[in-house]
Amino acid sequence: MSNHIYNYRDTNLSLYQVNSNYSLLLQIYPATFSYAVVYQNKLMAWAEDCDIQLLTEPGDAHDLLSFDYKKVATGVHPTGFTLIPNALFSEDKLADFARYLDVKPNEKVLAQPLDDSNYIVFKVDNKVAASAEKFGIENIVFINKGWINAIADSSPQTNNLYLNIDKKRVDILYFANGKIRFYNCFEFTNPDELSYYTSLVAQELQLQPKGLILKVSGDCNVDDKNLTRLADFFNGVEQNELEVIEHPSTIFPHQLLALAALSLCVSSEVY
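Residues numbered from 1 in each chain as written. Predicted model: local features only at pLDDT ≥ 70, side-chain atom pairs only at ≥ 80, totals over all residues. Heavy atoms only, no water.

What follows deals with the nonpolar core. The biggest cluster of nonpolar side chains holds 61 residues, and the ones touching the most others in it are Leu24, Leu26, Phe33, Tyr35, Val37, Trp147 and Leu173. Leucine 26 has contacts with Phe33, Ser34, Tyr35, Leu55, Leu65, Val72, Ala73, Thr74, Gly75, Phe135, Leu259 and Leu262, leaving out every residue within four places of it along the chain. (Core = buried A, V, L, I, M, F, W, Y, C linked by side-chain atoms within 4.5 Å. Buried < 20%, exposed > 50% of the residue type's maximum accessible area, 1.4 Å probe, protein only. Contact = heavy atoms within 4.5 Å.)

Right, let's get into the sheet that holds strand β1 (residues 7-9). Judged by pairing direction, the sheet is mixed, and its 6 strands sit side by side in the order β1-β4-β3-β2-β5-β9 without closing on themselves. Both edges of this open sheet fall to β1 and β9 (140-142), since each of them pairs with a single strand only. On average, each strand axis in the sheet is inclined to that of its neighbour by 20 degrees, with strand direction left out of account. Alignment of strand β2 (residues 22-28) against strand β3 (residues 32-39), held across 7 bridges, turns out to be antiparallel. Opposite leucine 26, over in β3, you have tyrosine 35 as the bridge partner. (Pairing = 2+ DSSP bridges. Helix = DSSP H or I, 4+ residues; strand = E, 2+ residues; numbered from the N terminus. Axes fitted to C-alpha atoms, helices over the stretch in contact; angles between N-to-C directions.)

What follows is about helix α6 (residues 253-260). Of all 8 residues that make up α6, 8 are buried, and the element is covered over most of its length. Along α6, the residues that are buried comprise Pro253, His254, Gln255, Leu256, Leu257, Ala258, Leu259 and Ala260.

In this section: helix α3 (residues 145-152). Counting buried residues along α3, 7 of its 8 residues qualify, which places the element largely inside the surrounding structure. Turning to α3, its buried residues are Lys145, Gly146, Trp147, Ile148, Asn149, Ala150 and Ile151.

Right, let's talk about the sheet that holds strand β7 (residues 107-113) for a bit. Pairing within the open sheet is antiparallel, and its 3 strands lie in the order β6-β8-β7. On the outer flanks of this sheet lie β6 (80-85) and β7, each paired with one strand and no other. When strand polarity is set aside, the average angle formed by the axes of neighbouring strands in this sheet is 20 degrees. The sheet contact formed by β7 and strand β8 (residues 118-125) spans 7 bridges and is antiparallel. Bridge pairing in β8 places proline 113 opposite tyrosine 119.

As structure tokens, this is what we get:
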């Protein structure tokens, strides 16, 4: 686990200053959520791992959630997903694609463009969907869509494997010739399992671990057990220093990356 700053608020920000130029970014999970308020590409407020009940009763501590934002991106935690090439996707086939996800009665299926080449079809818990819908159905996005597109825009190298650690889940992303070659997520319970799944991805891609540099964001520190164990197998393990928005130097870019990158999804459309 990393030593995150779990709450930040710019000293110059007050609720009365919030206007249409402010954006609200959210990551919603079954029991918790995180959010950021951004103004002209600058971080104004950030909170992590808030109790999900605060979405409906934010109180004084999270009064920024009470404002009616015009610019919102609500990333929802998926219970499953699949990528479909643009050439194969059509809205009237959504039910057919959903069969690959083994959708349960308590889950809802969504689909949206992921990048220039792929749609992503994903399912979410009904409670997560209901929480997100408060901020507009049209503003719901796949939780790591921003992270994926931010990396795509950074000219990813073929010797880089990108990881985002979110508690006990890791998303692994690889690009070749500027296109997504691999994207999947894995649940892990210890550093050995994390190293196993990462090595398995490298093997599937026919890449040599000692030729790869891991760029890691999310819930991590450079000297924590997870990254230390990964360093035993790969050429290098680095915190991802990609910056999507301006923020204080006390906040490390890799901590904020997945949430901040939702700023790239403010106008996304869901079908």
